[in-house]
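Topology and contacts: notes
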Amino acid sequence: MSPDPVVVTVDRTRCIGSGLCARTAPDALALGPDGRAVPVHPTATPSHTLTEAAEMCPVEAIAVHHATTGELLAPIW
Ligand code: SF4
């Protein structure tokens, strides 16, 4: 059974375009034409790299929520 999908969001008003998330989780996050991060798909499969990307973002712009329950899965400190 595959894991429940997650919703990945980026607060683009906070993103400073470091590119760290796109390098860490390129299947889930990419840099848009304006140099700020965007989710590759509206929902994603949870993964260690996605969690890591959300936790490494220097401006805490990325959030990963459980698609059904809305629970915040990352970042969590
Ligand atoms: S790691 Fe954060 S600041 Fe850097 S590109 Fe991704 S969302 Fe933007």
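The structure we're discussing is the one just above.
These figures come from a predicted structure and were not determined experimentally.

Brief notes about the overall build of the chain
If you tally the helices and strands in the chain, you get two helices and six strands. Counted from the first residue to the last, the chain has its helices and strands arranged as β-α-β-β-β-α-β-β. Here the chain, with 77 residues, has 32% of them falling under the buried criterion. Considering only contacts within the chain whose residues lie at least 6 apart along the sequence, 54% involve residues at least 24 apart.

As for the site of the ligand
Around the ligand lies a shell of 13 residues, among which Cys15, Ser18, Gly19, Cys21 and Cys57 are the nearest. Applying the majority rule of atoms within 2 Å of the grid points places the ligand in the largest cavity. Residues of the shell around the ligand, tallied by class, amount to ten nonpolar, three polar and no charged.

Let's talk about the nonpolar core
Most often, soluble globular proteins have nonpolar side chains that are buried together. Among the nonpolar cores identified, the biggest contains 18 residues, and Val8, Val10, Leu29, Leu50, Ile62 and Val64 are the most heavily contacted of them. Broken down by secondary-structure element, the contributors of at least two residues to this core are strand S1 (6-10), helix H2 (48-56) and strand S5 (62-66). Apart from the residues lying within four places of it in its own chain, the contact partners of Val8 are Leu29, Pro39, Pro42, Ala44, Leu50, Ile62 and Ala63.

Side note on the pairing of S1
By the alternation rule, side chains of S1 split into Val6, Val8 and Val10, which are all buried, and Val7 and Thr9, of which none is buried. Of the strand pairs in this sheet, S1 and strand S4 (residues 43-44) are connected by two bridges, and their pairing is antiparallel. Within S4, the position partnered with Val7 by the bridge is Thr43. Summarising the sheet, S1 and S5 pair through five bridges and their orientation is antiparallel. Directly across from Val10, in S5, lies its bridge partner Ile62.

Looking at the pattern of salt bridges
Tallied over the entire structure, the rule returns one salt bridge. When the shortest N-O distance is used, the salt bridge between Arg12 and Asp34 registers 2.6 Å. With Arg12 in the loop between S1 and helix H1 (20-24) and Asp34 in the loop between strand S2 (29-31) and strand S3 (37-39), the pair connects residues that are 22 residues apart, well separated along the chain. Here Arg12 falls in the partly exposed class, since its relative accessible area comes to 29%.

Section: H2
Within H2 the residues assigned to the buried category are Leu50, Ala53 and Ala54. Take H2 and look down its axis: the buried residues cluster within an arc of 95°, on one side only.

Calculation notes
Residues numbered from 1 in each chain as written. Predicted model: local features only at pLDDT ≥ 70, side-chain atom pairs only at ≥ 80, totals over all residues. Heavy atoms only, no water. Helix = DSSP H or I, 4+ residues; strand = E, 2+ residues; numbered from the N terminus. Buried < 20%, exposed > 50% of the residue type's maximum accessible area, 1.4 Å probe, protein only. Contact = heavy atoms within 4.5 Å. Near = heavy atom within 4 Å. 1 Å grid on protein atoms, 1.4 Å probe; cavity = no way out; pocket = protein on both sides within 12 Å on 5 of 7 lines; lining within 4 Å. Sits in = over half its atoms within 2 Å of the grid points. Nonpolar A, V, L, I, M, F, W, Y, C, P; charged D, E, K, R; others polar. Core = buried A, V, L, I, M, F, W, Y, C linked by side-chain atoms within 4.5 Å. Pairing = 2+ DSSP bridges. Salt bridge = Lys/Arg side-chain N within 4 Å of Asp/Glu carboxyl O. Arc of directions from axis to C-beta.

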